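As a plain string of letters, each chain reads:
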Amino acid sequence: MELVDMTPEMAEIVTQVGEMTGEPTGMRAVVHRPDIISKFAPFYWSLQTEGLLDRKLIELVRLAIAQINQCANCLGSRYQDSIDQGLTEEMVAALPSAETSPLFTEREKAAISFGQKMAFDHFSVGDAEFERLYRSFSVKEVVELGLDVAMFVGLGRLFAVIDAKNVHCSIPIREAADVAS
């Protein structure tokens, strides 16, 4: 959906996403439900920008999940504040081998591993993962990380299946006759 076809509120959200990440195309598809997005966006942005976890850590987890989801939209965007906190493209490239990379702290490794397991096989997450998380994170931080991971896995998969890597991504729709039924 083009900006001119959106409500002013939705156009502003898409523009803000573009400014924050460099890649607003996934939002162009979901703004077809402005009633939901107008409630969801404040939750998502507060989780991303007002939480206990630093932006670099959140971005490392988001990008590790994006690699598993193969979400071109997610892989093509970067939050500037995470770059300001030290995120590098070398780190992004090292995410698949984060456990053995010297580029990451133990806290980052624990969060990345948790996100990767949740994205790849959530049933593989057990007591050992939570024990590891609690060595570096408070209970409140683990809850926040879990919410971040849930958002990244779900949105990344949605954006991947709707091909949200180009400016014309859209939710596949049925023919008009089928929609009415």
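Chemist: I'd like a rundown of the confidence of the model for the chain, residues and numbers included.
Modeler: Averaged over all residues, the pLDDT of the chain equals 85, while 87% of them reach at least 70. Taken as a whole, residues 166-181 scores under 50 in pLDDT and shows 18 contacts with residues more than four places along the chain or in a different chain.

Chemist: Give a description of the packing of aromatic side chains that names residues and reports values.
Modeler: Within the structure shown, the criterion is met by 5 aromatic pairs. Ring plane angle 70° and centroid distance 6.4 Å describe the contact between tryptophan 45 and tyrosine 79, whose orientation is recorded as edge-to-face. With a gap of 34 residues between them, tryptophan 45 in helix α3 (residues 34-49) and tyrosine 79 in the loop between α5 (72-75) and α6 (80-84) connect regions that are remote in the sequence. Taking relative accessible area as the criterion, tyrosine 79 reaches 5% and is therefore assigned buried. Each ring, one from phenylalanine 130 and one from tyrosine 134, has its centre 6.5 Å from the other, and the planes form 35°; the classification is tilted. Of this pair, phenylalanine 130 and tyrosine 134 both sit in helix α9 (residues 127-136), separated by 4 residues, roughly a single helical turn. Connected via pairs of aromatic rings, a cluster forms that spans Phe40, Tyr44, Trp45 and Tyr79.

Chemist: So what's going on with the nonpolar core? Which residues, and what values?
Modeler: Counting residues in hydrophobic clusters, the biggest one holds 50 residues, and the most contacted among them are Val61, Leu95, Phe104, Ile112, Phe137 and Leu145. The set of elements that each furnish at least two residues to this core consists of α1 (8-21), α2 (25-30), α3, α4 (55-69), α7 (89-94), α8 (106-121) and α10 (139-161). Counting residues per element, this core draws most heavily on α4, which supplies 8 residues. Not counting residues within four places of it along the chain, the set of residues in contact with leucine 145 comprises Leu53, Val61, Ala111, Phe114 and Leu133.

Chemist: Any chance you could break down a nonpolar patch on the surface for me, citing the residues and the numbers?
Modeler: Taken together, Phe43, Phe130, Tyr134, Val139, Val143 and Leu147 make up a surface patch of nonpolar side chains, about 520 Å² in accessible area. With respect to the helices, strands and loops of the structure, phenylalanine 43 is situated in helix α3.

Here is what the cut-offs are and how they apply
Residues numbered from 1 in each chain as written. Predicted model: local features only at pLDDT ≥ 70, side-chain atom pairs only at ≥ 80, totals over all residues. Heavy atoms only, no water. pLDDT = per-residue confidence, 0-100. Contact = heavy atoms within 4.5 Å. Phe/Tyr/Trp six-rings, centres within 6.5 Å; stacked < 30°, edge-to-face > 60°. Helix = DSSP H or I, 4+ residues; strand = E, 2+ residues; numbered from the N terminus. Buried < 20%, exposed > 50% of the residue type's maximum accessible area, 1.4 Å probe, protein only. Core = buried A, V, L, I, M, F, W, Y, C linked by side-chain atoms within 4.5 Å. Patch = residues over 30% accessible without salt bridge, like charges linked within 9 Å, V, L, I, M, F, W, Y side chains within 5 Å. Areas by Shrake-Rupley, 256 points an atom, 1.4 Å probe, with all protein chains shown as cover. Salt bridge = Lys/Arg side-chain N within 4 Å of Asp/Glu carboxyl O.

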